[in-house]
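Spelled out from the first residue to the last, the chains are:
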Amino acid sequence: MDVVIRRARTADVQEISRLIGQYAGPGRRMLRKNTVELYEDVQEFWVAEIAEPAEGGESAEAAGGRPGRVVGCGALHVMWEDLAEVRSVAVDRGYGGRGIGHRIVTRLLEVARELGVRRVFCLTFEVDFFARHGFRPILGTPVSPEVYEELLRSYDEGVAEFLDLDRVKPNTLGNTRMLLRLED
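*Asks:* How would you explain the overall build of the protein chain if you had to name every residue and give the values?
*Replies:* Regarding its fold elements, the protein chain presents seven helices and seven strands. Along the protein chain, from the amino end to the carboxyl end, the secondary structure elements read β-α-α-β-β-β-α-β-α-β-α-α-α-β. Looking at the protein chain as a whole, 48% of its 184 residues are labelled buried. In the protein chain, the share of contacts with a sequence separation of at least 24, taken over all contacts with a separation of at least 6, comes to 66%. When the accessible surface of the protein chain is split by element, carbon and sulfur atoms take 49% of a total near 9900 Å².

*Asks:* So what's going on with the nonpolar core? Which residues, and what values?
*Replies:* Core analysis: the biggest nonpolar cluster contains 28 residues, and Leu 76, Val 86, Ile 100, Leu 109, Val 120, Phe 130 and Phe 135 have the highest contact counts within it. Of all the elements in the fold, those that place two or more residues in this core are strand E1 (3-7), strand E2 (45-50), strand E3 (69-80), strand E4 (83-91), helix H3 (100-115), strand E5 (119-124), helix H4 (127-131) and strand E7 (176-181). It is H3 that contributes the most residues to this core, seven residues altogether. In contact with Ile 100, other than residues within four places in its own chain, are Met 1, Val 3, Ala 48, Val 71, Val 91 and Tyr 95. By size, the runner-up hydrophobic cluster in this structure holds 15 residues, among which are Val 13, Val 42, Val 70 and Cys 73.

*Asks:* Break down the environment of Leu 83 for me, with residues and values.
*Replies:* Checked against the element boundaries, Leu 83 lands in strand E4. When the C-alpha positions of Leu 83 and Arg 181 are compared, they lie 9.5 Å apart, and in sequence the two are 98 residues distant.

*Asks:* An account of the pairing of E4 is requested, with residue identities and associated values reported.
*Replies:* Extensive coverage of E4 is indicated by the burial of nine of its nine residues. Where E3 lies against E4, seven bridges are found, and the strand directions are antiparallel. Bridge pairing in E4 places Cys 73 opposite Ala 90. Here E3 folds back onto E4, and the loop between the two strands holds two residues. Sheet topology places E4 next to E5; three bridges connect them, and they run parallel. In the strand pairing of E5, Glu 85 is matched with Phe 121. Viewed along the sheet, the connection from E4 through H3 into E5 turns out right-handed.

*Asks:* I'd like to hear about the side chain of Arg 6, residue by residue, with values.
*Replies:* Looking at the secondary structure, you find Arg 6 in strand E1. Only 3.0 Å separates the side chain of Arg 6 from the side chain of Glu 49, close enough to count as a polar contact. Once residues lying within four places of it in the same chain are set aside, the contact partners of Arg 6 are Asp 12, Trp 46, Val 47, Glu 49 and Val 70.

*Asks:* Before we move on, can you summarise the environment of Asn 34 with the specific residues and values?
*Replies:* Topologically, Asn 34 is positioned in the loop between helix H1 (13-21) and helix H2 (35-40). As a C-alpha pair, Asn 34 and Ser 17 span 17 residues in sequence and 8.0 Å in three-dimensional space.

About the thresholds
- Residue indices follow the written sequence of each chain, beginning from 1 at its first position.
- It should be noted that, the model being predicted, local features are given only for residues of pLDDT at least 70 and side-chain atom pairs only at 80 or more, the latter also being counted only at that level, while totals for whole chains, interfaces and linings use all residues.
- Here the side-chain values reflect all heavy atoms present in the structure, with hydrogen atoms and water set aside.
- Numbering of helices and strands runs from the N terminus; a helix is a DSSP stretch of H or I covering at least four residues, while a strand is a stretch of E covering at least two.
- With a 1.4 Å probe rolled over the protein chains alone, any residue whose accessible area is under 20% of its type maximum counts as buried; one over 50% counts as exposed, and the rest are partly exposed.
- Between two residues, a contact is recorded if the distance between any of their heavy atoms is within 4.5 Å.
- Shrake-Rupley sampling with a 1.4 Å probe provides the accessible areas, and residues are treated as covered by the protein chains on show and by no other component.
- Definition used in this section: a nonpolar core is a set of buried Ala, Val, Leu, Ile, Met, Phe, Trp, Tyr and Cys residues joined via side-chain atoms within 4.5 Å.
- Criterion used throughout: strands pair if DSSP finds at least two bridges between them.
- With strands facing away from the observer, any crossover in which the path from the first strand over the helix to the second runs clockwise is taken as right-handed.
- Pairing of N or O atoms within 3.5 Å defines a polar contact, subject to two protein rules: one partner must be a possible hydrogen donor and the other a possible acceptor, and residues neighboring in sequence count only if both atoms are side-chain atoms.

Such coordinate-based values are descriptive only and should not be taken to indicate function.
Written out as structure tokens, the structure is:
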């Protein structure tokens, strides 16, 4: 199975929404995202695309068909000068266990390094998954009081989760805060 990790395009938003929807909602493992938010944030997303074979086993592209199917996604959201969040990592349930999520997170961490981010945060139920990438559980919010005050001005629900604001507590119960310090 050929998997390509690439930047998301606006044409991918409906598939990103479908993937997140598999894990989002009340009592689920991920924050639901409105379609308008996904379009606004599409530049933060990367997707995993598989080539769909054409008749006779050729790749779809070689046979002149459609390029592929989006089976995974993830986003890197820069929060501050030295801090970003890996968020909305989702893999189609039919493609789990094939390393697609790991490839997405690896690419997001490469992007964080390219941007000069030194710390990457996640809020997750998937502790073992993120630990395999070097994330470690933390307590509290790893920013100074001054940065915390600035982040309070954000309208982003993910930032509200990061700050552990009361309005998002029902979505975050049981989540683990994890942090990765990137090497220079």
